Amino acid sequence: MNPSDSAISTEVTDLTGDTKKRYTAGVLKYRQMGYWQPDYQPVETDTICLFRITPQEGVDPVEAAAAVAGESSTATWTVVWTDRLTACDSYRAKAYRVEPVPGIPGQYFAWVAYDIILFEEGSIANITASLIGNVFSFKPLKAARLEDIRMPVALIKTFKGPPTGLVVERERLDKFGRPLLGATTKPKLGLSARNYGRVIYEGLKGGLDFMKDDENINSQPFMHWRDRFLYVMDAVNKASAATGEVKGSYLNVTGATMEDIYERAEFAKELGSVVIMLDLVIGWSAIQSMSNWARKNDMIVHMHRAGHGTYTRQKNHGVSFRVMAKWLRLAGVDHLHTGTAVGKLEGDPMTVQGYYNVCRDSYTKQDLPRGLFFDQDWADMKKVMPVASGGIHAGQMHQLIDLFGDDVILQFGGGTIGHPAGIQAGAVANRVALETIVKARNEGRDIKNEGPEILQKAAQFCTPLKQALETWKDVSFNYASTDTSDFATTPSVA
Amino acid sequence: MMTNPTGQITQGQFSFLPDLSDAEIRMQIDYGLAKGYAWSIEYTDDPHPRNTYWEMFGMPMFDLQDAAGVMLELDSCRKTFPTHYIRLMAFDSTRGVESIAMSFIVNRPPSEPGFSLVRQEVQGRSIRYTVHGYASDNPEGKRY
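A few points on the structure. Bear in mind that the values here come from a model prediction, so they are computed numbers and not experimental data.

### Brief notes about the overall build of chain A
When helices and strands are tallied, chain A shows 18 helices and 15 strands. Relative to the compact-globule value of 23 Å for 494 residues, chain A shows a C-alpha radius of gyration of 25 Å, a close match. When its C-alpha atoms are laid out on the principal axes, chain A stretches across 80 × 50 × 40 Å. For chain A, buried positions account for 61% of its 494 residues. A separation of at least 24 residues holds for 75% of the contacts in chain A among residues at least 6 apart in sequence. For chain A, the centre of its 54 positive side-chain charges and the centre of its 57 negative side-chain charges are spaced 3 Å apart.

Following this line, the structure appears as structure tokens:
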């Protein structure tokens with residue numbers, strides 16, 4: 001036991017065995033009310049949450065953990081006799097383990113188990129209302145973060161998961177053995193629909209598999225959504241004929257109401273799009289509704305995680321993105337933005353790899369350096385295609401493929417559209433870099449170390465790649481990440 | 001001649017690279033074999049992007065562990081169909097995958113006319129699109 005452990009008093013303080021004391025009107029400590037059970041052995045059907053908690057000064061960490069268990073399940077601030085009308089032992093979540101966070105004084109990891117009866121079948125809204133509901137505003141805690149979650153197979157099986165999944169997506173697109181390539185249309189705002197379609201056509205004809213609406217492209221005054229869909233689909237079909245490949249463009253159907261979202265999705269379907277796009281900000285129930293719609297209409301669902309940084313980024317408070325990724329896989333999306341590690345947006349490489357595992361694994365193994373606290377059996381649930389997007393370019397292709405493998409969509413927005421010789425040239429540079437690195441890796445080359453040299457060699461037969469490597473040779477976003485593992489020093493890729 | 005930057009159909013893993021030599025093809029086959037995939041050879045003279053089922057040149061080679069064997073089959077396919085599209089496909093039977101893991105073109109016709117886009121104007125501003133191969137109006141076997 002290390003010195004900081006001794007500060008935690010973990011003894012059993014539960015009064016539930018003595019109903020008289022337990023149910024006398026008044027206020028008890030949470031740890032006295034049955035929410036702290038250090039001897040509890042979680043069962044197969046329990047959901048287990050790992051919270052990072054920062055108790056207020058003077059608050060006992062075990063009491064804080066018990067309070068988290070209480071406030072995320074049955075407890076209110078005072079004893080209520082109506083508990084005795086229920087099988088209340090089942091409904092109480094049980095904190096059963098508390099440990100100090102390595103190297104961060106004042107923070108503790110708390111393990112809490114939840115009985116399967118606590119959650120409605122197939123409803124992320126219900127799960128989140130419990131687990132990240134009132135508890136996160138609870139005064140005795142300075143901060144709380146849901147770090148990871150283990151859900152039982154019995155609960156997983158109540159969700160349908162991704163409507164398409166990455167395996168079937170590849171079959172529909174006829175694209176195998178390499179990452180997919182995409183780009184977000186830029187500038188984000190202001191293009192007329194006709195100009196917008198031009199960017200789509202050039203990118204797809206040049207060699208990208210997908211183009212993409214940005215998260216805040218909905219139906220603003222400069223471009224009505226129907227105009228956008230019509231011009232984009234003209235570009236997609238024209239590029240498909242020009243290349244002989246299946247092409248797509250994520251049509252963002254996010255709108256103010258469900259009626260708007262359904263109307264936009266129906267039009268995308270009528271026009272023959274293979275994919276629609278949703279922004280995370282539409283909410284869990286809307287996401288699950290659209291997942292059902294997509295399953296009925298053979299549609300791939302692209303999820304942009306707009307807004308997640310407000311609650312995932314800071315380590316002491318909020319919800320880890322690995323938990324969000326698990327919930328989104330259950331809720332049913334096919335693509336999910338999960339970070340680049342090397343690009344412009346937050347993301348420590350190993351932590352980001354942890355998110356990818358959650359999207360793509362059949363069975364996720366505990367892996368503390370990657371932030372994965374639990375084994376998770378996915379019970380054959382379809383897999384989500386992770387998307388790496390934001391500030392990446394062709395010169396990083398070897399790093400991206402080394403970090404993420406084949407089952408990923410690499411999106412080079414600025415790295416395509418900002419190419420000095422034009423959008424098609426930008427697309428060519430990315431596609432040639434991609435195929436070159438995949439081929440070299442399969443041939444047994446050490447792409448992580450030899451990547452730059454392999455790319456330079458390919459640039460000898462591909463001028464657009466040469467120009468791309470030259471233009472962005474010094475661009476990297478090598479800042480320290482805020483959300484990193486507590487269990488290993490994490491190497492930087494740059 | 002197609003007007004995309006490669007001048008050819010860009011299906012498969014390596015269509016943007018110079019044609020793979022036989023030695024390079026063999027390295028890709030070895031990579032797949034090491035992963036436990038089964039290789040298969042397919043050919044067609046209808047490379048429409050939605051034409052899923054190319055003809056199988058024999059069954060997938062489930063028990064074959066040597067790239068030389070796949071290359072022999074490929075040679076034989078190339079001799080039989082010298083101007084067809086031929087692709088190598090690797091199947092992964094792992095639970096949760098059970099699909100194609102690799103796919104790349106290893107033979108093409110000498111010239112690739114590509115596809116036209118047929119537009120049918122329908123209600124409002126909507127258009128129904130058909131991708132139509134210039135060569136596909138000829139009967140099978142007489143297209144390239």
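Continuing now.
### Re the overall build of chain B
In terms of helices and strands, chain B carries two helices and six strands. With the C-alpha coordinates of chain B rotated into their principal frame, the extents come out at 55 × 35 × 30 Å. Looking at chain B alone, contacts between residues at least 24 apart form 55% of all its contacts between residues at least 6 apart. Here chain B displays about 7400 Å² of accessible surface, and carbon together with sulfur accounts for 51% of that area. Treating the 13 positive side-chain charges of chain B as one cloud and the 18 negative ones as another, the clouds have centres 8 Å apart.

### A few points about the environment of A:F404
All names here are of chain A. Secondary-structure assignment places F404 in helix α14 (residues 397-404). Taking C-alpha positions, F404 is 16 Å from T364, a pair spaced 40 residues apart along the chain. In this structure, F404 is in contact with G339, T340, A341, V352, Q353, Y356, R360 and A388, ignoring residues within four places of it in sequence.

### Re the pattern of salt bridges
All names here are of chain A. According to the stated counting rule, one finds 42 salt bridges over all chains in the structure shown. The salt bridge partner of K175 is E245, with a shortest N-O separation of 2.8 Å. A residue pair is termed long-range when its members are at least 10 positions apart, and K175 in the loop between α6 (165-173) and β5 (180-184) and E245 in the loop between α8 (225-243) and β7 (248-252) qualify at 70 residues. There is no split in this pair, since K175 and E245 are both buried. A salt bridge links R370 to D367; the shortest N-O distance between them is 3.1 Å. Relative accessible area serves as the criterion here: at 23%, R370 is assigned to the partly exposed category. In this structure, a network of salt bridges that share partners links the residues K175, R178, D209, E245, K247, R431 and E435.

### Some remarks on the packing of aromatic side chains
All names here are of chain A. Applying the stated criterion to the full structure yields 23 aromatic pairs over all chains. Ring centres 5.3 Å apart and planes at 65 degrees place the aromatic pair F109 and F373 in the edge-to-face group. Of this pair, F109 sits in strand β3 (residues 108-114) while F373 sits in the loop between β12 (363-364) and β13 (376-377); the two residues are 264 residues apart in sequence, bridging distant segments of the chain. Look at F373 and you get buried, because its relative accessible area is 8%. Seen from their ring centres, W225 and F229 are 5.3 Å apart, and the 75 degrees between their planes marks the pair as edge-to-face. Of this pair, W225 and F229 both sit in helix α8, four residues apart, which is roughly one turn of the helix.

### Observations concerning the side chain of A:H393
All names here are of chain A. Mapped onto the secondary structure, H393 falls in the loop between β14 (385-389) and α14. At a separation of 3.5 Å, a polar atom in the side chain of H393 contacts the main-chain carbonyl oxygen of W472. Setting aside residues no more than four positions away along its own chain, H393 makes contact with F412, N430, W472 and V475.

### Some details on the sheet that holds strand β4 (residues 141-150) of chain A
All names here are of chain A. On the basis of which strands lie adjacent, the open sheet formed by five strands has the order β2-β3-β1-β4-β10 and mixed pairing. Across the chains shown, the open sheet's two edge strands, defined by having one partner strand only, are β2 (94-100) and β10 (318-319). Pairing between strand β1 (residues 47-55) and β4: eight bridges, direction antiparallel. In the sheet register, R52 faces β4, and the bridge partner there is R145. Here helix α12 (residues 321-331) sits on the sheet and contacts β4 and β10; the angle it forms with β4, its principal contact strand, is near 45 degrees.

### Description of the sheet that holds β7(A)
Residues and elements named next belong to chain A. As summarised here, the arrangement of the eight strands in space is β5-β6-β7-β8-β9-β11-β14-β15, forming a closed barrel in which the pairing is parallel. Adjacent strand axes in the sheet meet at a mean angle of 25 degrees, parallel and antiparallel pairs treated alike. Pairing between strand β8 (residues 275-279) and strand β9 (residues 300-304): five bridges, direction parallel. Bridging from a neighbouring strand, I276 pairs with V301 of β9.

About the criteria used
- Residues numbered from 1 in each chain as written.
- Chains lettered and ligands numbered in written order.
- Predicted model: local features only at pLDDT ≥ 70, side-chain atom pairs only at ≥ 80, totals over all residues.
- Heavy atoms only, no water.
- Helix = DSSP H or I, 4+ residues; strand = E, 2+ residues; numbered from the N terminus.
- Rg over C-alpha atoms; globule rule 2.2 N^0.38 Å.
- Buried < 20%, exposed > 50% of the residue type's maximum accessible area, 1.4 Å probe, protein only.
- Contact = heavy atoms within 4.5 Å.
- Lys, Arg positive; Asp, Glu negative; His and termini not counted.
- Charge placed at Lys NZ, Arg CZ, Asp CG, Glu CD.
- Areas by Shrake-Rupley, 256 points an atom, 1.4 Å probe, with all protein chains shown as cover.
- Salt bridge = Lys/Arg side-chain N within 4 Å of Asp/Glu carboxyl O.
- Phe/Tyr/Trp six-rings, centres within 6.5 Å; stacked < 30°, edge-to-face > 60°.
- Polar contact = N/O pair within 3.5 Å; in protein donor to acceptor, adjacent residues only side chain to side chain.
- Pairing = 2+ DSSP bridges.
- Axes fitted to C-alpha atoms, helices over the stretch in contact; angles between N-to-C directions.

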